[in-house]
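Below, each chain spelled out in residue letters.
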Amino acid sequence: MLTVENLSVTYYQHNLKVHAVKEISFVLEPGQTLGIIGESGSGKTTLGLAIMGILNPNAKVNGKISYNGVNLRELSSKQLNKYRWKHIAMVFQNGLETLNPLLTVKEQIMECVTRHLDLSIKEANKRVIHLLEQVGLEPFVSDYFPHQLSGGMRQKVLIAMALACEPKILIVDEPTSSLDAISKAEIVRLLAKVQREKRFSMIVISHDFSVISSLTSKMCVMYRGSILEEGLTRDILNNPMHTYTRGLINSSPSINPFQDLWGIPAANSKAGDGCPFYPRCSQRLDVCKDKKPKLEYVSLERRVACNQGGIVTLLEASGIYKTFIFKGRSIVACNNCHITVRAGEIVALIGQSGSGKTTLASILSGYLKPDKGIIKFLGQKVSSHELTCRPKGLQMIFQDPFSSINEGFTVLQAVTEPLDILKLYSPQERKEKAKKALFAVELPVDENFLQRRCFTLSGGQRQRVSIARSLILEPRLLIADEISSMLDPSTQANILRLLKGLQNSFGFAMIYITHDLNLARKIADKLYIMHQGEIIEQGPAGEVFKNPSSEYAKQLINSADLL
Amino acid sequence: MSMVYRKILKLLMTFFVIITLNFCLPRLMPGDPFYFLSSEQGEITISYSDEEIQRQRAYYGLDKPIMVQYGGYLKSMAKGDLGYSIYFNNDVWTIIKNRIPWSISLVFLSMIIGGFFGIILGCLSAWQRNGLLDKILYSTMVFVSEIPPFLIGILFLFYLAAHWGLFPLSGGMTPFADYASWTDRIFDIAYHGILPVITLGVVQMGDFFLISRSSMIAVMNKDYMTTARAKGITTGRILLRHALTNAALPIITRIFNGLGQAVGGTVLVENVFNYPGLGLLMRQAVLVRDYPLIQGIFLTITLFVLIMNFMADIVYKKFDPRIV
């Protein structure tokens, strides 16, 4: 019905070129609902205005926009006026001056009706009243001027106006921005209702996931004028494939009511000709700087624009078995365990003590040999500790900072130890790296501190030293085994925030092992629950907490009083 | 409705403050009316003795204490009596009344001409913004509106009146003329009025152009213009109903401001053309320190400005529903 092909929009202002939309293509079927999400300035609204053909003259448009086979871009303004509002209408972003302040509501709706529909004055009057009633407004509102309306009423008038000529496509731009929670819910319900009744196609432009998820079945994620991900709304929300999409989801309070909110770090370098998200991506490679990724299918209904095909799967362990023989009794610690960790995500591994969490972690990090099972890191099969003894591999932080660090070492020795063992870099460089790592974990970096013996440090400081030690090899995956359980609550909060902050800026992935469900809910993206050596529940953290499937998980979550 | 009453009350209070100022101002000025009464413009030939001046002062009440003078002033003001001109030897109101039509018709006509061309060209310029037409019009109009009106007047006077003799040099009508019919009379008045009207008109046009261009440009960038274009309604309706009604608001203010200045704003032009309006009268009155006349003129000007502002408020309210 509506096909957009290679659409580009460039604004020219004072010799400044701004590419607001870059070679975007998508198809909208009759009756389909499509969401477009992105941060402000990503070109969403420009896209909407381009489809309507009402961009400013200083915007240069390229590409094709066809509606029922007619290329709208080839039509004259006069011909286009026949399509505007009658076939494609728009609910503009609610602003004080979106409606003409000097004309009554009635006149502003009426002028669309009389222009496009062949109605008598009387019928047109009736239609205006009918439209107002349809969006839940009293007929007398028609005599109001825009400044006499509340924000919610104004939004309804905008919707009524857009529906005036029964359009086949409705573009809705930020329908709930600046509305309170109740009006917001009301507007979303209203839009869903009219769409269901009239069966028009709808494009919903918003930066709010809750709006997109309740109004659309398909969605595109836009960044700096490009579509980075496209697919079914529900799928994308449950399993984002692009780091940007995941970042957006992680910063949405409506999707993560319990998790700490972490925005995507701002860019510290400029995007070149390559991937537009390169400067902010947590799994960027050098290729991404110059190679612009194409939007390509990664599964049946999902397209992602990423040189690495979306978020990389870092670690994939499958069919892990481990049995201990203890005084002739065999204890199954791991029974057919599967675990998958994608780049940049936090996976919480939950279970009671003795459920086999630590055994699984030890197997993953290569300290323990499994009886059976395969571990793959970035698609490569690995065995024993080859991952932990290389940079950009896997590191572990242990529960007890007092025994995991040699007390007699100086701080410097403790932190540089991995480099010393692996004989990487010169001593001077090692020291620089140690300082950097200590700085990152917010410890002092002066000579005095570097030469202190570890036994003089407090528990919190020691845990920071051990985090610094694991960061020095720039791991892509960090396994943190109950790292905060021996710390007091305040130190625990500091360490966790620190770790999450580091994770957000460096972009490593983390397996966080804990028995503390409250903590897990605060930080985890994905959840694995272990019980008697088996993984009995897994999924996106929000889903699992809201709706646990196994009996044990229900019990666990109930006992923690989280439901 | 109570808003209107409150506005009228405010108006009256303003008026009171102004008549008080009007009373004080001439008395604070240096000079003395009788000094000038006894001299022929500039050339000082004293023909009054000190004794006579004292007598005149007593006659006009200028020797009484200032508060007594003020009381008397307010009393006669209440009666509608503006006093008696010392210099012209006539009732002040009668003098002013004869001059008002000249000034008003001058301003009115020039505003119609200047406003008409100014607004149309301004809208055209805004519509074709940054185009060639806009660039030419804009720079011309800025230039025109920056020239002081009397300079334009003198230019016209030099070339059109003096050099080519197309128009009369001065005055509002031919002195001592005997008109065969009333059409001749009107023709004569119009003939004398053309240059002053055009001079003022050019100035007004520059003003109106700049105001309507800028408010039109501001309106073009408003969100509701995008909304209007998206609706697919005709360009005519977009321009007239959506753009112009909004752009008209500042223009209306300008019109009433201009009308308010009808009496006072023409001083320079009237003096250049020696046109018998209030502006010319004012200069004469100031030169000879004719207190009652000066006060009378100032009061007329003030009243005019106040009334026009009041009317501007009322008309504005009709146009803009947001104003309560």
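Just so we're clear, the structure is a prediction, and the values are computed from it rather than from any experiment.

The next thing to look at is the pattern of salt bridges. Taken as a whole and assessed by the stated rule, the structure comprises 28 salt bridges over all chains. In this structure, Lys-231 of chain B engages Glu-111 of chain A in a salt bridge whose closest nitrogen and oxygen atoms are separated by 2.8 Å. Of this pair, Lys-231 of chain B sits in the loop between helix 9 (223-230) and helix 10 (235-260) while Glu-111 of chain A is found in helix 3 (residues 105-116), placing the two residues in two different chains. This pair shows no difference in class: Lys-231 of chain B is buried, exactly as Glu-111 of chain A is. When the shortest N-O distance is used, the salt bridge between Glu-474 of chain A and Lys-433 of chain A registers 3.6 Å. In this pair, Glu-474 of chain A is assigned in the loop between helix 16 (459-471) and strand 19 (477-481) and Lys-433 of chain A in helix 14 (residues 427-440), connecting sequence segments 41 residues apart. On the basis of relative accessibility, which here comes to 41%, the residue Glu-474 of chain A falls in the partly exposed class. Each of Glu-107 and Glu-111 of chain A together with Lys-231, Arg-237 and Arg-241 of chain B takes part in salt bridges that share partners, so that together they form one network.

All names here are of chain B. A cluster of nonpolar side chains, namely Phe-150, Leu-151, Ile-154, Leu-155, Phe-158, Tyr-159, Trp-164, Leu-166 and Leu-268, defines an oily patch on the protein surface of about 910 Å² accessible area. Considering every element that reaches the nonpolar patch, the biggest residue donor is helix 7 (residues 149-163), with 6 residues. Tracing the chain through its elements places Phe-158 in helix 7.

Residues and elements named next belong to chain A. Where helix 16 contacts helix 17 (residues 489-506), the axes come no closer than 10 Å and their chain directions differ by 15 degrees. Taken as axis vectors, helix 16 and helix 17 run roughly parallel relative to one another. Helix 16 and helix 17 meet at a crossing whose hand is right-handed. Within the contact between the two elements, helix 16 uses Gly-460, Gln-463, Arg-464, Ile-467 and Leu-471 and helix 17 uses Thr-491, Asn-494, Ile-495, Leu-498, Leu-499 and Leu-502. In the contact of helix 16 with helix 17, the residues fall into 6 nonpolar, 4 polar and 1 charged.

Here the focus is the pairing of strand 1 (residues 2-13) of chain A. All names here are of chain A. Sheet topology places strand 1 next to strand 4 (residues 59-67); 8 bridges connect them, and they run antiparallel. Pairing of Thr-10 across the sheet is with Lys-60, part of strand 4. Sheet analysis places strand 1 next to strand 2 (residues 16-28), joined by 9 bridges and oriented antiparallel. Counterpart to Leu-2 in the pairing with strand 2 is Leu-28. The hairpin turn running from strand 1 into strand 2, its antiparallel successor, is 2 residues long, and His-14 in that turn takes a positive phi close to 50 degrees.

This part covers the pairing of strand 3 (residues 33-37) of chain A. Residues and elements named next belong to chain A. Here strand 3 lies mainly inside the structure; 5 of its 5 residues are buried. Burial along strand 3 is two-sided: the face carrying Thr-33, Gly-35 and Ile-37 and the face carrying Leu-34 and Ile-36 are both buried. Note: strand 3 against strand 8 (residues 201-206), 5 bridges, orientation parallel. Across the sheet, the residue bridging to Ile-37 is Ser-206, located in strand 8. As paired elements, strand 3 and strand 9 (residues 218-223) share 4 bridges and run parallel to each other. If you follow Ile-37 over to strand 9, its bridge partner there is Val-221.

Thresholds applied
Residues numbered from 1 in each chain as written. Chains lettered and ligands numbered in written order. Predicted model: local features only at pLDDT ≥ 70, side-chain atom pairs only at ≥ 80, totals over all residues. Heavy atoms only, no water. Salt bridge = Lys/Arg side-chain N within 4 Å of Asp/Glu carboxyl O. Helix = DSSP H or I, 4+ residues; strand = E, 2+ residues; numbered from the N terminus. Buried < 20%, exposed > 50% of the residue type's maximum accessible area, 1.4 Å probe, protein only. Patch = residues over 30% accessible without salt bridge, like charges linked within 9 Å, V, L, I, M, F, W, Y side chains within 5 Å. Areas by Shrake-Rupley, 256 points an atom, 1.4 Å probe, with all protein chains shown as cover. Axes fitted to C-alpha atoms, helices over the stretch in contact; angles between N-to-C directions. Parallel < 35°, antiparallel > 145°, perpendicular 65-115°, else oblique. Left-handed = near helix turned anticlockwise from the far one by under 90°. Contact = heavy atoms within 4.5 Å. Nonpolar A, V, L, I, M, F, W, Y, C, P; charged D, E, K, R; others polar. Pairing = 2+ DSSP bridges.

Purely spatial values, then, with no claim about function.
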